[in-house]
Every structure is written in structure tokens, then in C-alpha cells.
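Single-letter residue listing:
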Amino acid sequence: QVQLAESGGGLVQPGGSLTLACQVSTNFFRLNPMGWYRQAPGKEREAIAGITSGGGTREYADSVKGRFTISRDNGKGTLYLQMNDLRPEDTAAYYCNKAGPYGPWEVWGQGTQVTVSS
């Protein structure tokens, strides 16, 4: 069964940066498109970034485009999210999971909390 472990969250001031990582324990990691999702209090989980299996194509939600960068290391089974120019509205729990037309795996990790506040 796939296991996902997100890390790297924390408290940061507006305008600051964080890099999130997600360790994915499956041999299928390198075969699947992957994405980052986030869920703010009282809101539904939303997809914010996606990357193809080989890393050649990346997509972003309008809310993070130009500020966040998704990347992956298939050899390490790890997905990354570089977040710059963070804003209070970026405050949320961040998760990684499979992306693409067949949707995420049923299993989710514990997420990592990002709080942007002065």
C-alpha cells in the first residue's frame, strides 16, 4: 500500500519562503503524475500544482502560479514544492498525492501545516 509523508511546513512571515517535501513509498511513484494539494480551514481540498511522471510538464493553479514550483526526484521517490512570496491566504495543510485523469490514491498522508502570518 502506498504511503505518503509530507514535511517542511511551518510558520513563516508574509513574503517568506518554504520548501515542502513528500516521500512516497511506492515503486509506482516514477510512473505517475503527482501533485500538491492544500486544504484551508473550512474549505475543500484543492489541487494547486501538478507534474508529469518524467517531470517535463508542470501545471499550477492561478492562485500560486509564478510563486510556487513543483519538482520531483524519481530516484529518491520524493516530490517537492518550493513556495516563494508566501501570503496569508496560503495558510493551509498541504498534501501530496497522485495527479492526472484517474485522480489521487485513496490513501493520504498526514499533511504538513503551513501558516503565513506576521
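Structure shown above.
This write-up is about the structure you can find in this document. Fair warning: this is a prediction, and the values are worked out from it, not measured in the lab. (Residues numbered from 1 in each chain as written. Predicted model: local features only at pLDDT ≥ 70, side-chain atom pairs only at ≥ 80, totals over all residues. Heavy atoms only, no water.)

**Section: the pairing of strand β1 (residues 4-7)**
- Here β1 shows a buried face lined by Leu4 and Glu6 and an unburied face lined by Ala5 and Ser7.
- Taken together, the 4 bridges between β1 and strand β3 (residues 18-24) define a ladder with antiparallel strand orientation. Bridge pairing in β3 links Leu4 to Val24. (Buried < 20%, exposed > 50% of the residue type's maximum accessible area, 1.4 Å probe, protein only. Helix = DSSP H or I, 4+ residues; strand = E, 2+ residues; numbered from the N terminus. Pairing = 2+ DSSP bridges.)

**Points about the state of the cysteines**
- One pass over the structure, following the stated rule, counts 1 disulfide.
- Cys22 shares a disulfide with Cys96; S-S distance 1.7 Å. Here Cys22, found in strand β3, pairs with Cys96, found in strand β9 (residues 92-98); they are 74 residues apart in sequence, far enough to count as distant.
- Of the residues examined, Cys22 reaches a relative accessible area of 0% and is grouped as buried. (Disulfide = S-S within 2.5 Å.)

**Some remarks on the packing of aromatic side chains**
- This structure, assessed with the given rule, holds 2 aromatic pairs.
- An angle of 85 degrees between the planes, with centres 5.2 Å apart, marks the rings of Tyr37 and Trp108 as edge-to-face. Residue Tyr37 is found in strand β4 (residues 34-39), and its partner Trp108 is found in the loop between β9 and β10 (112-116); the two are separated by 71 residues along the sequence.
- Given a relative accessible area of 26%, Trp108 falls into the partly exposed group.
- Members of the aromatic cluster, each reached through a chain of ring pairs, are Tyr37, Tyr95 and Trp108.
- Sitting over the face of the ring of Tyr95, Arg45 holds its NZ or CZ atom 4.3 Å from the ring centroid. (Phe/Tyr/Trp six-rings, centres within 6.5 Å; stacked < 30°, edge-to-face > 60°. Lys NZ or Arg CZ within 6 Å of the ring centre and 35° of its normal.)

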